[in-house]
There are 2 protein chains.
Amino acid sequence: MSKHPPQIIELIDRLARLPGLGPKSATRLALYFLNRDIEEVRSLATALVAVKTEIGFCSVCHNYTQHDPCPICSDPKRDKTKICVVETPTDLLAIESSGLYHGLYHILGGVLSPLNGIGPGDLNISDLLARVNEASSTELPIEEIVLATGSSQEAESTCVYLSKKIKDLNVPVTRLARGLPLGVDLEYVDGGTLKQALEFRRQA
Amino acid sequence: MSKHPPQIIELIDRLARLPGLGPKSATRLALYFLNRDIEEVRSLATALVAVKTEIGFCSVCHNYTQHDPCPICSDPKRDKTKICVVETPTDLLAIESSGLYHGLYHILGGVLSPLNGIGPGDLNISDLLARVNEASSTELPIEEIVLATGSSQEAESTCVYLSKKIKDLNVPVTRLARGLPLGVDLEYVDGGTLKQALEFRRQA
């Protein structure tokens, strides 16, 4: 019985390990590459290696960056008394594009997830507390930590855990509001969202 | 406003052009690579370039191959009087894994699709006819061409077109049977399938 040449099998095998790709889509992709210009494929290969060799982590906030510290941490116009804690660099970009926040950031690198063996030691938590502690002895102590994690159960517990740790350092902690998302009909809102929208209702 | 470093944007941009990937999944993939070992990313990059530099097309059947002619075309045990015409190399593998066919193959490289500007000249059709013609003057003329294209409308017209061209050469043409797929309840079968299952019914 015949099969793909070993080079194609190797590529399919590697593509199939990527998140969101299965054996079928990996095969489709591999055969797609075979039909593209060698230059196009080479550029993708180069771009892949470049992100690993040219991009590192900011030693302050753990965001991806070409230069350490990252452009946000080294920007003199950012408000250095605020730190917004997010799960991932993509979350940071989402908040940046809102244009409403001008402080610094701290990337957790995920959320606490005991079932997946992710404890406080696996996230950038001790660094965050050290940052806050260090700033407290300067002329610019941290005045607010904004916890901007998602609203999953695990993100929720991470929020509670962090909130306690930061309050121990006597620094004010806030968190993103919960409620109805924009532009929904009430009849289509799930029970959990409706419950928190009621719970967090405020004076009209 | 901050954004990803240029290397990450470049990678996201290239990944988002791949079939089946959009901007969101491309971003997720790019950030995934950032968190992997450099060796793992380098291996993927190498595998990508290798399929293009080490794999070519069989000059006889147009299948992907490391050596020309491909292992199937050069296998003395294959029945050289039969050619099975398929759309893609993946289709060839599907037929191979059935274990029921031991002849040669011919890869069309797609189906006729006038709306997408794909005419007979864009598929490996003239090669197929030349192969049949050439064999007719040898001691092993082609005795059967099996048209194994899919059952889409476009595949159907391609089949009709090929069938006419091959019959002109006085070579018998067969095509895959149409009917109920395995293991379905009749109530869930779509009307088109049921219609063709009735039309092609045979003596029980």
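Further up the page is the structure itself.
Overview of the structure.

The subject of this paragraph is the interface of chain A and chain B. In this assembly, 51 residues from chain A lie in contact with 51 residues from chain B. Across the chain A/chain B interface, buried area totals approximately 4800 Å², and carbon plus sulfur atoms make up 74% of it. Where chain A meets chain B, there are zero salt bridges. At the junction of chain A with chain B, the criterion picks out eight residue pairs in polar contact (both at pLDDT 80 or more). Breaking the side of chain A that touches chain B down by element, the ones donating at least two residues are helix 1 (6-16), helix 2 (23-34), helix 3 (38-54), strand 2 (64-65) and helix 4 (89-98) of chain A. With 15 residues, the top contributor of residues to the side of chain A that touches chain B is helix 3 of chain A.

Take the sheet that holds strand 3 (residues 79-86) of chain A next. Residues and elements named next belong to chain A. With parallel pairing, the four strands of this open sheet are ordered in space as 4-3-5-6. Edge strands, defined here as strands with exactly one partner in the open sheet, are strand 4 (103-107) and strand 6 (173-175). Averaged over all pairs of adjacent strands, the angle between strand axes in this sheet comes to 25°, irrespective of strand direction. Pairing geometry for strand 3 and strand 4, over five bridges, is parallel. The residue bridging V85 from the neighbouring strand is H106, located in strand 4. Across the sheet, helix 4 lies against strand 3 and strand 4, angled at about 160° from strand 4, the strand it touches most.

Rotating chain A by 180° and moving it 0.0 Å along the rotation axis overlays it on chain B with an RMSD of 0.1 Å. Here the copies are linked by what is in effect a two-fold axis. Closest approach to the rotation axis among the C-alpha atoms of chain A is made by A:A45, whose C-alpha sits 2.2 Å away. Looking at the interface residues of chain A, 100% of them are also at the interface in chain B, so both copies use one shared face.

To continue, consider the pattern of salt bridges. The full count for this structure, using the stated rule, is 18 salt bridges over all chains. Residue A:R78 is joined to A:E96 by a salt bridge in which the shortest nitrogen-to-oxygen separation is 2.7 Å. Within this pair, whereas A:R78 is found in the loop between strand 2 and strand 3, its partner A:E96 is found in helix 4, the two being separated by 18 residues in sequence. Given a relative accessible area of 12%, A:R78 falls into the buried group. Residue classification places A:E96 among the buried residues on the basis of a relative accessible area of 3%. In this structure, B:R17 engages B:D13 in a salt bridge whose closest nitrogen and oxygen atoms are separated by 3.2 Å. Overall, the relative accessible area of 47% leaves B:R17 in the partly exposed class. On the basis of relative accessible area, B:D13 is assigned to the partly exposed category, the value being 40%.

Another point: a nonpolar patch on the surface. A cluster of nonpolar side chains, contributed by A:L180, A:V184, A:L186 and A:L194, occupies part of the molecular surface with about 320 Å² of accessible area. Take A:L180: it is sitting in the loop between strand 6 and helix 7 (191-199).

This part covers the sheet that holds strand 4 (residues 103-107) of chain B. Residue and element names in this part refer to chain B. Strand order in the open sheet formed by four strands is 4-3-5-6, and the pairing between neighbours is parallel. Both edges of this open sheet fall to strand 4 and strand 6 (173-175), since each of them pairs with a single strand only. The mean angle between the axes of side-by-side strands here comes to 25°, regardless of whether they run parallel or antiparallel. As judged from the four bridges shared by strand 3 (residues 79-86) and strand 5 (residues 144-147), these two strands associate in the parallel manner. Its bridge partner lying in strand 5, K82 is registered against E144. Running at roughly 160° to strand 4, helix 4 (residues 89-98) makes contact with strand 3 and strand 4 of the sheet.

Reading the values: the criteria
- Along every chain, residues carry numbers that run from 1 in the direction the sequence is written.
- Whichever chain is written first becomes A and whichever ligand is written first becomes 1, with later ones labelled in order.
- Residues qualify for local features only when their pLDDT is at least 70, as the model is predicted, and side-chain atom pairs are given and counted only at 80 or more; totals for whole chains, interfaces and linings, by contrast, use all residues.
- Side-chain figures throughout are based on the complete set of non-hydrogen atoms in the structure, without hydrogens or water.
- Any pair of residues with heavy atoms lying within 4.5 Å of one another is described as a contacting pair.
- Here the buried area means the combined drop in accessible surface, using a 1.4 Å probe, for two parts upon being joined, counting both sides.
- Take a side-chain nitrogen of Lys or Arg and a carboxyl oxygen of Asp or Glu: if they are within 4 Å of each other, that pair is a salt bridge.
- Any pair of nitrogen or oxygen atoms within 3.5 Å is treated as a polar contact; in protein, a donor-acceptor pairing is required on top of that, and neighbouring residues in sequence qualify only through side-chain atoms on both sides.
- By definition, any uninterrupted DSSP run of H or I lasting at least four residues is a helix, any uninterrupted run of E lasting at least two residues is a strand, and each is numbered from the N terminus.
- Between any two strands, at least two bridges found by DSSP are needed for them to pair.
- For helices, the fitted line uses only the C-alpha atoms of the stretch in contact; every axis is such a line through C-alpha atoms, and the angle between N-to-C directions lies from 0 to 180 degrees.
- For the least-squares superposition of copies, only C-alpha atoms count, and only for residues with pLDDT at least 70 in both.
- A 1.4 Å probe rolled over the protein chains alone gives each residue an accessible area, and that area as a share of the maximum for its type sets the label: buried under 20%, exposed over 50%, partly exposed in between.
- Note that patches include only residues with greater than 30% relative accessible area and no salt bridge, and the join distances are 9 Å for like charges and 5 Å for nonpolar side chains (Val, Leu, Ile, Met, Phe, Trp, Tyr).
- Here the Shrake-Rupley method, with its probe set to 1.4 Å, supplies the accessible areas, and only the displayed protein chains count as covering residues.

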